[in-house]
Amino acid sequence: MQKPTDINHAWLRKYPEQVVLCITKSKTGQINVMAIGWVAIVSDDPVMYMIGIDDPAYTLELIREQKEFVLAFPAKSMARETLFFGTVHGHDRNKGLESGLEFVPASLVNAPLLSDAVVNLECKLVTEYRPGNCPLVIGKVIAAHENTDPAVERLVNAGAGYKLQ
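These numbers come from a predicted model, not from an experiment.

A. Just the overall build of the protein chain, in detail. Looking only at helices and strands, the protein chain has four helices and eleven strands in total. Its C-alpha atoms give the protein chain a radius of gyration of 16 Å, within 12% of the compact-globule value 15 Å for 165 residues. Oriented by its inertia axes, the alpha-carbon framework of the protein chain measures out at about 50 × 35 × 35 Å. A buried classification covers 44% of the 165 residues belonging to the protein chain. Across the protein chain, the fraction of contacts at a sequence separation of at least 24, relative to all contacts at a separation of at least 6, is 62%. Put simply, the protein chain shows about 9,300 Å² of open surface, and 52% of that area lies on carbon and sulfur atoms. Across the protein chain, the 16 positively charged side chains and the 19 negatively charged ones have centroids separated by 5 Å.

Laid out in structure tokens, this is it:
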């Protein structure tokens, strides 16, 4: 059974939702990481992902500049760092360094991989468009990497207010 409701009330029931980390690297070598909940597969041939990023975000600035990024699917053990990545802005902080997490070189892009993530996807920027108030970035996956331990599970956002588990 259904009843009419306000969209903001309905959104409270959308959880759990996935969370990914978008990793970029500046010209000076600084690693920036942003937690993103608005993510979707938009093509499987070739494989492409869409991410929604707020306009003033440093991550978006770096994607526009570098034309590439890495999408990392964080492990459950990364909840504290993921919250940090999602609540601290990167313009004046070195979030990669401050997180204490280990990053390793990617195979085809300059942005690094998150060593202990469940999966890392190296992406090249395909396009950006704005159907509403949030820019949508489309990236083509050009390389994929998975954790060697199959028991490592993905972190998800289980509710409003960043209930990461």
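B. Fine view of unusual backbone geometry. For the bond running from Tyr-15 to Pro-16, omega is 5°, close enough to zero to count as cis. Topologically, Pro-16 is positioned in the loop between helix H1 (7–11) and strand S1 (17–18). In the Ramachandran plot, Lys-67 falls in the positive-phi region, its phi being about 65° despite a non-glycine side chain. When you line up the elements, Lys-67 lands in the loop between helix H2 (58–66) and strand S6 (68–73). At Tyr-162, a residue that is not glycine, the phi angle is positive and equals roughly 60°. Mapped onto the elements of the fold, Tyr-162 is located in the segment after strand S11 (156–157). Note on Tyr-162: relative accessible area 51%, which makes it exposed.

C. Focus on the packing of aromatic side chains. Taken as a whole and judged by the stated rule, the model has two aromatic pairs. Between Tyr-49 and Phe-73, the ring centres sit 6.3 Å apart and the planes meet at 85°, which makes this aromatic pair edge-to-face. With a gap of 24 residues between them, Tyr-49 in strand S5 (residues 47–52) and Phe-73 in strand S6 connect regions that are remote in the sequence. In this structure Tyr-49 comes out as buried when scored by relative accessible area, which is 12%. A cation sits over an aromatic face here: Lys-14 above Trp-11, 5.5 Å from the ring centre.

D. Focus on the sheet that holds strand S4 (residues 39–44). Reading across from one edge, S3-S2-S6-S9-S10-S5-S4 is the order of the seven strands in this open sheet, with antiparallel pairing throughout. Two strands in the sheet have a free side with no partner beyond their single neighbour: strand S3 (31–36) and S4. With direction set aside, neighbouring strand axes in the sheet form an average angle of 35°. Here strand S9 (residues 119–129) pairs with strand S10 (residues 136–146) via ten bridges, running antiparallel. Following the sheet pairing, Asn-120 is matched in S10 by His-145. Its contacts with the sheet place H2 against strand S2 (20–25), S3, S5, S6, S9 and S10, and it is angled at close to 55° to S2. Sitting on the sheet, helix H3 (residues 79–87) touches S2 and S3, and the angle it makes with S3 is about 95°.

E. Looking closely at the side chain of Thr-24. Take Thr-24: it is sitting in strand S2. Once you skip the residues sitting within four places of it in the chain, Thr-24 turns out to touch Gln-30, Ile-31, Asn-32, Thr-59, Leu-62, Ile-63, Glu-68, Phe-69 and Ala-111.

F. Summary view of the pattern of salt bridges. What the rule picks out here adds up to eight salt bridges. For Glu-128, the salt bridge goes to Arg-64, with nearest N and O atoms at 2.6 Å. Placement of Glu-128 in strand S9 and of Arg-64 in helix H2 is noted, with a sequence separation of 64 residues between them. Across the pair Arg-93 and Glu-98 runs a salt bridge, and its minimum N-O distance is 2.6 Å. Residue class for Glu-98 comes out partly exposed when judged on its relative accessible area of 39%. Residues joined by salt bridges that share partners form a network here, namely Asp-55, Arg-64, Glu-128 and Arg-130.

Parameters at a glance
- Residues numbered from 1 in each chain as written.
- Predicted model: local features only at pLDDT ≥ 70, side-chain atom pairs only at ≥ 80, totals over all residues.
- Heavy atoms only, no water.
- Helix = DSSP H or I, 4+ residues; strand = E, 2+ residues; numbered from the N terminus.
- Rg over C-alpha atoms; globule rule 2.2 N^0.38 Å.
- Buried < 20%, exposed > 50% of the residue type's maximum accessible area, 1.4 Å probe, protein only.
- Contact = heavy atoms within 4.5 Å.
- Areas by Shrake-Rupley, 256 points an atom, 1.4 Å probe, with all protein chains shown as cover.
- Lys, Arg positive; Asp, Glu negative; His and termini not counted.
- Charge placed at Lys NZ, Arg CZ, Asp CG, Glu CD.
- Phe/Tyr/Trp six-rings, centres within 6.5 Å; stacked < 30°, edge-to-face > 60°.
- Lys NZ or Arg CZ within 6 Å of the ring centre and 35° of its normal.
- Pairing = 2+ DSSP bridges.
- Axes fitted to C-alpha atoms, helices over the stretch in contact; angles between N-to-C directions.
- Salt bridge = Lys/Arg side-chain N within 4 Å of Asp/Glu carboxyl O.

All quantities given are derived from atomic positions and should not be read as evidence of function.
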